[in-house]
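Residues per chain are reported as follows:
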Amino acid sequence: MNIVNAILEKLKTMGLLRNSNALFKAGIIIVAGIIILSALAPLLTPYSPIVGTGDELAPPSLKHPMGTNNLGYDMFSRVLYGARTVLTVVVSATLLSMAIGVPLGLISGYYGGKVDRAISIVMDSMYAFPSLILALAIAAVLGASLINAIIAIAVVYVPTYFRMVRGQTLSIKSLLYVEAARALGASDSRIITRYVFPNLLPTVLVVFSMNIADAILTEAGLSFLGFSVPPPTPDWGADLRVGHSFMLAGYWWLVAFPGLMIMLLATGFALIGEGLSDILNPRREAVG
Amino acid sequence: MVLLSVSNLKKYFPLQKSFIERVISRRKQYVKAVDGISFIIREGEVFSLVGESGCGKTTTGRLIVRLETPDSGKIVFDGKDITFAKEKELRPLRRKMQIIFQDPYASLNPRMTIGDAIAEPLIIHGIADKREAREKALEMLVNVGLTPPELFYKAYPHQLSGGQRQRVVIARAMILKPKFIVADEPVSMIDVSLRASILKLLMKFKKDFNLTMLFITHDLAVARLISDVVAVMYLGKIVEIAPVDELVENPLHPYTKALLSSVPTIVPQMKREKIILKGDVPNPINPPSGCRLHPRCPLAIERCSKEEPKLKYVGNNHYVACHLL
C-alpha cells in the first residue's frame, strides 16, 4: 500500500491528476471500459467461451449479440474473455520488458564506457528487426503458450525502453542537481535511484502506454499466425484467424468484433500515451 | 592555520572538433580555463576570487571540491592531498567541504521535496536516521528563514522563488556543518532586492560555524563587503592577491584598477585613477603571449607581450603579476 501511495503522490506532483486533457481522458475511458467489461464477463454473458452452444454460425441476435462461430461458440463471450487473455499477455510482457530495459538503460547511460557500448550494440541489433518478425522467431523457437507469448513480446520491446532510458540518463546525468548530489557525497546507486530515475519516470510512463498499444497489435499478429495461446483459449487474434476463412462466405461477425476490439484497445492505450506526453511536456509544465 | 592550499593548478578543456577538422589537422586545441594558479586560504577566512565571466573562476571552484579533476598541480585540503583522489576517497571528505552553485533553479532535484533535499546529506553520510534527519532539516529551515518549516518541508522546488531556493541550497550545504565552502556566485541569479539578505545568511553561518569560504564573484563591491582576502583572476591566471582593504585602497595591477573603476562609488568626487580597458576578453583558446592583458592594457610596454609576469610580493601581504612594478 505504501508503494501505491508513493506512486499516487508522485503522479500528483507531476500534475497528472490535475491537468489531464481530453486525449488522456478518452483513452482512460476506453481502456477502463474494456477492463471492467472483461472483469464482469461472467455476469454479462451466460455462455462459456470454450463450450459450443450447438448453434453454429448464427448471425448477431438478442440471444447472441455478436453471433456464434463455426464451432458454435458465443462470440460475445469470446470477445469479453478474450480481453483477459490479451491484457494478461500484453501488460505482463510490457512490464517485463520495462523491468529489463529500464535498469539496463540506466546502467548503460550512467556509467558509459565499454559496458555501455556492449549493451548498446546488442540492443541496436535487436531493434533493427521488425518487431513482429522477431516476436515470431522467438515464439516459434519456444513454442505456442501463454508464457512464451509473453516472453517473445517482452524481448521485442526491451530495446525501446533501453534506448529511451539511456538517452534520458545521459542528459539528466549532466544536470546541475546531479552534480550537486555528487558534491554532497551521494553514491552512484543513490544518484541513480533518487535523482536520475524519478526524473525519467514520466517518460517511461509515456513509452509504457505507447508500447502496450503496439504490443496489442504484435500479440494479435502472433496469435493470428498461431504462435500465441493454443485454442480453444479465447483470444482476439486467434478468432481473427478462424474467422477470416469464413469472411468471404458472408459471416462477417467472426472477424468484425474481435478486429474492432483490437483496434479499440490499441487506440485506447495510444490515446493515454499521447495524452500523458502532452501533460508531461515540459513546456506545459512551465505554464502550469 | 592553512586549510586549503592550491599550487600551480591547471585545467585545460580539449576542444570538440568536427570530423573534417580532425582529418585536416591532428593538433588538439585546448581551452586553458585554469592555467597555473596558486593561493592559500587560512582557516576562518573568506577568500574572494574575482574576475569577468570566462576567466576560470568557476572552474577553479569546481576543481577545489573535485567535481573536476585537474590536469596538473596540487590541492591540499585540511592536510590531505586531494588533487587526484578517487570519488570513493572523496566521499567522506565531502562532509567537510561543500559547494553552493550559482543557479538555484537547476541545483535542486525537481522531484524531491525541500525537506528531503535538506535531510539528504545527513542520510548520505549516515549521520542521522530518517526521523532525526527530519528534525534537523526542520530546524535548518527555520535557521535559513523559511517558515513555517512544516509547510516548506513538503514543498517542491518549483513552488519556491529563486531566493527561497538559494536558501534551501544553503541549508543543504550547511546541515553537515562543513569546515569549508565554495560559494560560486551565490547571489548573481537572485533578485537584486534579495541579494543582501542571502549574503547576510551566508555570513551568519560563517560566524556560527567558523566557516572558511571561497567566494567566487564578478562583483568587486560584493567581494569588498564580505571578504578578508581577494584574488583577481584574468584568463586563467591570478593577477593580484591582497587583503581586501589593501586591494581596494592600493590596487597595483592595471586590470584590478580597471575593475575598480567600473564599480560605482558613493562619493562622485572621490579621486581614483581611472583605467578603461580596450576591447573584449580575448579567446581563451589562444590567449595572448606574455602578459595576457597586454592587448587591452593602456600601460603595456614591449616586454609585456614577450615575457609572462610572475606574482611578486610587494609588501602588506600583497602579490601582483605585472612588469610595471
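For the structure given in this document, a descriptive report is provided here. From a predicted model like this one, the values you see are computed outputs, not experimental measurements.

**Here we look at the packing of aromatic side chains**
(1) Moving on: Per the stated rule, a full pass over the model turns up eleven aromatic pairs over all chains.
(2) Moving on: Taking 5.7 Å as the distance between ring centres and 80° as the angle between the ring planes, the aromatic pair formed by Tyr251(A) and Trp253(A) counts as edge-to-face.
(3) Moving on: Here Tyr313(B) and Tyr319(B) contribute two aromatic rings whose centre-to-centre distance is 5.0 Å and whose plane-to-plane angle is 55°, an arrangement assigned as tilted.
(4) Moving on: Classification of Tyr319(B) by relative accessible area gives partly exposed; the value is 33%.
(5) Moving on: By the ring-pair criterion, three or more aromatic residues cluster together here, those being Phe246(A), Tyr251(A), Trp252(A), Trp253(A) and Phe257(A).
(6) Moving on: Positioned above the aromatic ring of Tyr127(A) is the side chain of Arg163(A), whose terminal nitrogen or guanidinium carbon lies 4.1 Å from the ring centre.

**A short note on helix α7 (residues 146–173) of chain A**
(1) Moving on: Between its first and last C-alpha, α7(A) extends 39 Å over 28 residues, near the 40 Å set by a 1.5 Å rise per residue.
(2) Moving on: For α7(A), the principal kink sits at Tyr157(A) and spans about 30°; a proline, Pro159(A), occurs within the next four residues.

**Re the sheet that holds strand β7 (residues 180–184) of chain B**
All names here are of chain B.
(1) Moving on: Strand order in the open sheet made by the eight strands is β6-β7-β8-β3-β9-β10-β12-β11, with mixed pairing throughout. Each of the sheet's edge strands pairs with one partner strand only, and the pair in question is β6 (97–100) and β11 (312–313).
(2) Moving on: Pairing analysis gives two bridges linking β11 to strand β12 (residues 319–320), with the strands arranged antiparallel. Its bridge partner lying in β12, Lys312 is registered against Val320.
(3) Moving on: Relative to strand β8 (residues 212–217), helix α8 (residues 192–209) is tilted by about 160°, and along the sheet it contacts β3 (46–50), β6, β7 and β8.

**Notes on the environment of Arg91(B)**
(1) Moving on: Note that Arg91(B) resides in helix α3 (residues 87–93).
(2) Moving on: In sequence terms Arg91(B) and Leu151(B) are 60 residues apart; their C-alpha atoms lie 31 Å from each other.
(3) Moving on: Not counting residues up to four positions away in its chain, the partners in contact with Arg91(B) are Gly185(A), Ala186(A), Ser187(A), Asp188(A) and His125(B).

**Re the interface of chain B and chain A**
(1) Moving on: Taken together, the 25 residues of chain B in the interface contact 21 residues of chain A.
(2) Moving on: Between the two partners, chain B and chain A, sit four salt bridges.
(3) Moving on: Glu120(B) is the partner of Arg190(A) in a salt bridge, and the nearest nitrogen-oxygen pair spans 2.8 Å.
(4) Moving on: Of all the secondary-structure elements, those providing two or more residues to the side of chain B that touches chain A are α3, β6 and α4 (114–124) of chain B.
(5) Moving on: Here the element with the most residues in the side of chain B that touches chain A is α4(B); it accounts for five residues.

**Let's talk about the pairing of strand β1 (residues 2–14) of chain B**
Residue and element names in this part refer to chain B.
(1) Moving on: Here ten bridges tie β1 to strand β2 (residues 30–42), and the two strands are oriented antiparallel to one another. The partner of Lys10 across the bridge, within β2, is Asp35.
(2) Moving on: The pairing of β1 with strand β4 (residues 72–77) spans five bridges and is antiparallel. Paired with Val6 across the two strands is Ile75, which belongs to β4.

**Details of the sheet that holds β4(B)**
Residues and elements named next belong to chain B.
(1) Moving on: One open sheet accounts for four strands, arranged β2-β1-β4-β5; its pairing is antiparallel. Each of the sheet's edge strands pairs with one partner strand only, and the pair in question is β2 and β5 (80–81).
(2) Moving on: Packing against the sheet, helix α2 (residues 57–64) makes contact with β1, β2 and β4, and its axis sits at approximately 65° to β2.

**What about the nonpolar core?**
A general feature of soluble globular proteins is that nonpolar side chains tend to end up buried together.
(1) Moving on: Grouped together as the largest cluster of nonpolar side chains are 116 residues, with contacts concentrated most on Ile216(A), Trp236(A), Phe269(A), Ile118(B) and Phe215(B).
(2) Moving on: When residues no more than four places from it in sequence are discounted, the contact partners of Phe269(A) are Val31(A), Leu87(A), Ser209(A), Ile212(A), Ala213(A) and Ile216(A).
(3) Moving on: Counting residues in hydrophobic clusters, the runner-up holds 37 residues, among them Val6(B), Ile37(B), Ala231(B) and Met233(B).

**So, the side chain of Ser228(A)**
Residues and elements named next belong to chain A.
(1) Moving on: Within the secondary structure layout, Ser228 lies in the loop between α9 (188–224) and α10 (236–247).
(2) Moving on: Residue Ser228 is classed as buried on the basis of its relative accessible area of 1%.
(3) Moving on: At a separation of 3.3 Å, a polar atom in the side chain of Ser228 contacts the side chain of Glu219.
(4) Moving on: For Ser228, the contacting residues outside a window of four places in its chain are Ala144, Ser145, Ala149, Glu219, Leu222 and Ser223.

**A word on the side chain of Asp239(A)**
All names here are of chain A.
(1) Moving on: With respect to the secondary-structure elements, Asp239 resides in helix α10.
(2) Moving on: With a relative accessible area of 4%, Asp239 lands in the buried category.
(3) Moving on: Residues in contact with Asp239, not counting those within four places in the same chain, are Met75, Arg78, Leu254 and Pro258.

What counts, and at which threshold
Residues numbered from 1 in each chain as written. Chains lettered and ligands numbered in written order. Predicted model: local features only at pLDDT ≥ 70, side-chain atom pairs only at ≥ 80, totals over all residues. Heavy atoms only, no water. Phe/Tyr/Trp six-rings, centres within 6.5 Å; stacked < 30°, edge-to-face > 60°. Buried < 20%, exposed > 50% of the residue type's maximum accessible area, 1.4 Å probe, protein only. Lys NZ or Arg CZ within 6 Å of the ring centre and 35° of its normal. Helix = DSSP H or I, 4+ residues; strand = E, 2+ residues; numbered from the N terminus. Expected span 1.5 Å × (residues − 1). Bend = angle between axes of the 7 residues up to and from the residue. Pairing = 2+ DSSP bridges. Contact = heavy atoms within 4.5 Å. Axes fitted to C-alpha atoms, helices over the stretch in contact; angles between N-to-C directions. Salt bridge = Lys/Arg side-chain N within 4 Å of Asp/Glu carboxyl O. Core = buried A, V, L, I, M, F, W, Y, C linked by side-chain atoms within 4.5 Å. Polar contact = N/O pair within 3.5 Å; in protein donor to acceptor, adjacent residues only side chain to side chain.

Such coordinate-based values are descriptive only and should not be taken to indicate function.
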